[in-house]
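Listed here are the chains, written in short residue letters.
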Amino acid sequence: MKYCPKCGTQMDDNLSFCPSCGAPTAAPVAPAAVVPATDHTAEYDPKDISDNKVVAMIPYLSGYIGIIIAAIIAKDSPYVAFHVRQALKLNVVSTLIMLVSAILCWTFIVPIAGMICLAIISVLEIIAFFQVCGGKAKEPAIISNLKFLK
Ligand SMILES: [Zn+2]
């Protein structure tokens, strides 16, 4: 229930005019759905998503080869392209971590930290994979802060 701003009559929430004095009432403010900036699902065509979901899963499953395959199969699908970019980002970060770990393997601490980071990235890939299953287009956590390949 809300009250008329002019005469104070109690009235139904969905009325836009007061039943007593006819004054217009402010539209009930619907709480805006909070969509995180990393969730791009609404930017993609639902048909594109449902048609290409399976292809969008490939880049998360098979590394660079999967990325290339998915990019070729669905070059016309913005939804797949989004996931190709995310998967590529995860793979580039993994590759860099492996390189640094290999170069600094004698430091002992760097390869261990690198292994932990790679484990985290694997978890991010699994999460991303299940988001594709749910038809979502979300940037994986952590790497969404990396500003390349948006
Ligand atoms: Zn009124």
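The shown structure was predicted, so the numbers you read here are calculated from the model rather than taken from an experiment.

Undergrad: Sorry, what's going on with helix H4 (residues 109-133) here?
TA: What sets the pattern is the α-helix's 3.6 residues per turn: residues three or four places apart point alike. For H4, built from 25 residues, the straight-helix expectation of 36 Å at 1.5 Å per residue is met to within 8% by its first-to-last C-alpha distance of 37 Å. Here H4 has its buried residues at Pro-111, Gly-114, Ile-121, Leu-124, Glu-125, Ala-128, Phe-129, Gln-131 and Val-132. Of the surrounding elements, those touching the buried residues of H4 are helix H1 (46-61) and helix H3 (78-103). Of the residues flanking the end of H4, it is Gly-135, one or two places downstream, whose phi is positive at about 70°.

Undergrad: Help me out: how do you make sense of the coordination of the zinc ion in this one?
TA: Geometrically, a metal with four donors at the corners of a regular tetrahedron has ideal angles of 109.5 degrees, and one with six donors at the corners of a regular octahedron has ideal angles of 90 or 180 degrees. For the zinc ion, the protein coordination sphere consists of Cys-4 (SG), Cys-7 (SG), Cys-18 (SG) and Cys-21 (SG), at 2.2 to 2.3 Å. One chain supplies every donor to the zinc ion, and in sequence these donors are spaced C-x2-C-x10-C-x2-C. Within this pair, whereas Cys-4 is found in the loop between strand E1 (2-3) and strand E2 (10-11), its partner Cys-21 is found in the loop between E2 and H1, the two being separated by 17 residues in sequence.

Undergrad: Would you mind showing me how to read a nonpolar patch on the surface here?
TA: A contiguous nonpolar surface patch, about 500 Å² in accessible area, is contributed by Phe-108, Ile-112, Ile-116, Ile-120 and Ile-142. Residue position: Ile-116 is located in helix H4.

Undergrad: How should I be thinking about the environment of Thr-25 in this particular structure?
TA: With respect to the element layout, Thr-25 can be found in the loop between E2 and H1. Given the relative accessible area of 11%, Thr-25 is considered buried. Spatially, the C-alpha atoms of Thr-25 and Asp-13 are 9.6 Å apart, while their sequence positions differ by twelve residues.

Undergrad: I tried to follow the side chain of Asn-52 on my own but got confused; where do I start?
TA: With respect to the helices and strands, the residue Asn-52 is situated in helix H1. Accessibility expressed as a relative area gives 18% for Asn-52, which makes it buried. Setting aside chain neighbours within four positions, we find Asn-52 in contact with Ala-74, Ser-77 and Val-80.

Undergrad: What should I look at first to understand the pattern of salt bridges in this one?
TA: Any two side chains of opposite charge can pair, given that their charged atoms come close. Going through the model one piece at a time under the given rule, you end up with one salt bridge. Salt-bridge contacts for Lys-47 lead to Asp-51; the nearest nitrogen and oxygen are separated by 2.7 Å. In this pair, Lys-47 and Asp-51 both sit in helix H1, four residues apart, roughly one turn of the helix. Exposure remark for Asp-51: the relative accessible area of 47% places this residue in the partly exposed category.

Undergrad: Mind showing me how you'd approach the packing of H1 against H4 here?
TA: A pair of packed helices is captured by two measures, namely the crossing angle of their axes and the spacing between those axes. Relative to each other, H1 and H4 sit at 175°, their axes nearing to 9 Å. Classified by the angle their axes make, H1 and H4 are roughly antiparallel. On H4, the residues touching Lys-53, Ala-56, Met-57, Tyr-60 and Leu-61 of H1 are Glu-125, Ala-128, Phe-129, Val-132 and Cys-133. A breakdown of the residues in the contact of H1 with H4 according to their chemical character gives eight nonpolar, no polar and two charged.

Criteria and thresholds
- Residues numbered from 1 in each chain as written.
- Predicted model: local features only at pLDDT ≥ 70, side-chain atom pairs only at ≥ 80, totals over all residues.
- Heavy atoms only, no water.
- Helix = DSSP H or I, 4+ residues; strand = E, 2+ residues; numbered from the N terminus.
- Expected span 1.5 Å × (residues − 1).
- Buried < 20%, exposed > 50% of the residue type's maximum accessible area, 1.4 Å probe, protein only.
- Contact = heavy atoms within 4.5 Å.
- Donors = N, O, S within 2.8 Å, 3.2 Å for Na, K, Ca; no water.
- Patch = residues over 30% accessible without salt bridge, like charges linked within 9 Å, V, L, I, M, F, W, Y side chains within 5 Å.
- Areas by Shrake-Rupley, 256 points an atom, 1.4 Å probe, with all protein chains shown as cover.
- Salt bridge = Lys/Arg side-chain N within 4 Å of Asp/Glu carboxyl O.
- Axes fitted to C-alpha atoms, helices over the stretch in contact; angles between N-to-C directions.
- Parallel < 35°, antiparallel > 145°, perpendicular 65-115°, else oblique.
- Nonpolar A, V, L, I, M, F, W, Y, C, P; charged D, E, K, R; others polar.

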